[in-house]
Amino acid sequence: MTDSEIPDRPDLNETGIINTGSNRADANSPRDTPDAQEEKANVPQENDTTLTFGNEFGAQLAALEGEVSAEEQEAIAALPSGSALLIVRRGPTAGARFLLDADVTTAGRHPEADIFLDDVTVSRRHAQFLRHGTSFEVKDLGSLNGTYLNGERVATQALGDRSEVQVGKFRLTFYASRVDLATAAGK
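Residues numbered from 1 in each chain as written. Predicted model: local features only at pLDDT ≥ 70, side-chain atom pairs only at ≥ 80, totals over all residues. Heavy atoms only, no water.

A.B. asks: An account of the side chain of Ser143 is requested, with residue identities and associated values reported.
C.D. replies: With respect to the helices and strands, the residue Ser143 is situated in the loop between strand E6 (135-140) and strand E7 (147-149). The buried category is assigned to Ser143, whose relative accessible area is 6%. Side chain to side chain, Ser143 and His126 meet in a polar contact 3.2 Å long. A distance of 3.0 Å separates the side chain of Ser143 from the backbone nitrogen of Gly146, its partner in a polar contact. In this structure, Ser143 is in contact with Ser123, His126 and Arg153, ignoring residues within four places of it in sequence. (Helix = DSSP H or I, 4+ residues; strand = E, 2+ residues; numbered from the N terminus. Buried < 20%, exposed > 50% of the residue type's maximum accessible area, 1.4 Å probe, protein only. Polar contact = N/O pair within 3.5 Å; in protein donor to acceptor, adjacent residues only side chain to side chain. Contact = heavy atoms within 4.5 Å.)

A.B. asks: How would you explain unusual backbone geometry if you had to name every residue and give the values?
C.D. replies: Unlike most non-glycine residues, Asn150 shows phi in positive territory, near 50 degrees. On the secondary structure map, Asn150 appears in the loop between E7 and strand E8 (152-154). Relative accessible area serves as the criterion here: at 49%, Asn150 is assigned to the partly exposed category. Look at Arg162: it is not a glycine, yet its phi comes out positive at around 70 degrees. Relative to the helices and strands, Arg162 is located in the loop between strand E9 (156-158) and strand E10 (164-167).

A.B. asks: Before we move on, could you go through the nonpolar core and cite the residues and values that matter?
C.D. replies: Residues Leu86, Leu100, Ile115, Phe129, Leu159 and Phe174 are the most contacted members of the largest nonpolar core, which totals 22 residues. Contributions of two or more residues to this core are made by strand E1 (84-90), strand E2 (97-100), strand E5 (127-132), E6, E10 and strand E11 (170-176). When residues of this core are assigned to their parent elements, the largest contribution, four residues, is made by E11. Beyond its immediate sequence surroundings of up to four residues, Leu159 is in contact with Phe129, Phe136, Glu137, Val138, Leu149, Val165 and Phe174. With six residues, the next largest nonpolar core counts Ile76, Leu79, Leu85 and Tyr175 among its residues. (Core = buried A, V, L, I, M, F, W, Y, C linked by side-chain atoms within 4.5 Å.)

A.B. asks: Could you give me a rundown of the pattern of salt bridges, with the residues and numbers involved?
C.D. replies: Applying the stated criterion across every chain yields a total of six salt bridges. Of the charged contacts, one joins Glu71 and Arg97 as a salt bridge, the two residues approaching to 2.9 Å between their closest N and O atoms. Residue Glu71 is found in helix H3 (residues 70-77), and its partner Arg97 is found in strand E2; the two are separated by 26 residues along the sequence. Given the relative accessible area of 54%, Glu71 is considered exposed. A relative accessible area of 35% places Arg97 in the partly exposed class. (Salt bridge = Lys/Arg side-chain N within 4 Å of Asp/Glu carboxyl O.)

A.B. asks: Which residues make up the sheet that holds E5, and what values go with them?
C.D. replies: An order of E4-E3-E5-E6-E9 is seen for the five strands of this open sheet, with the pairing classed as mixed. Two strands lie at the open edges of the sheet, namely strand E4 (115-116) and E9, each paired on one side alone. Note: E6 against E9, three bridges, orientation antiparallel. Opposite Lys139, over in E9, you have Thr156 as the bridge partner. (Pairing = 2+ DSSP bridges.)

If you want it as structure tokens, here you go:
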């Protein structure tokens, strides 16, 4: 193809190669000077497919993988003796944290529950978390869908560190106070 045979098309450069999107040379645009290149780098392109995820997404992803985020590690490490933490790993409120620092903590769909889990799979008064000194147990309150500990339906069961409690579609991981774990390990 000779120069005289190249059709008059703005999407073709002088060698007959098609230019697309942001690569197209415009007769009115400045040449690629360093300043122009920097300016182009700071302007999002039409065909940019880059996705940006926030910290909340990272926390949810870590929860799905069973990992503990740095922020969650700090919260767990700061637990005083006689307390524990429940972190929602799956369910509508994934990433939510609930402090267990009372002798009785109620979980359910009732708005006055200590741990409010708003979903039809959760009974109004679904389960209780009971503290006995520095140990905890979960007790089902006759819920329709039951309460599960590490995949097994339970009526009442002691909780161990990193146990998974399922209440309806919510899966919560139990973390005991590190002070209490260290004391128990030293006995």
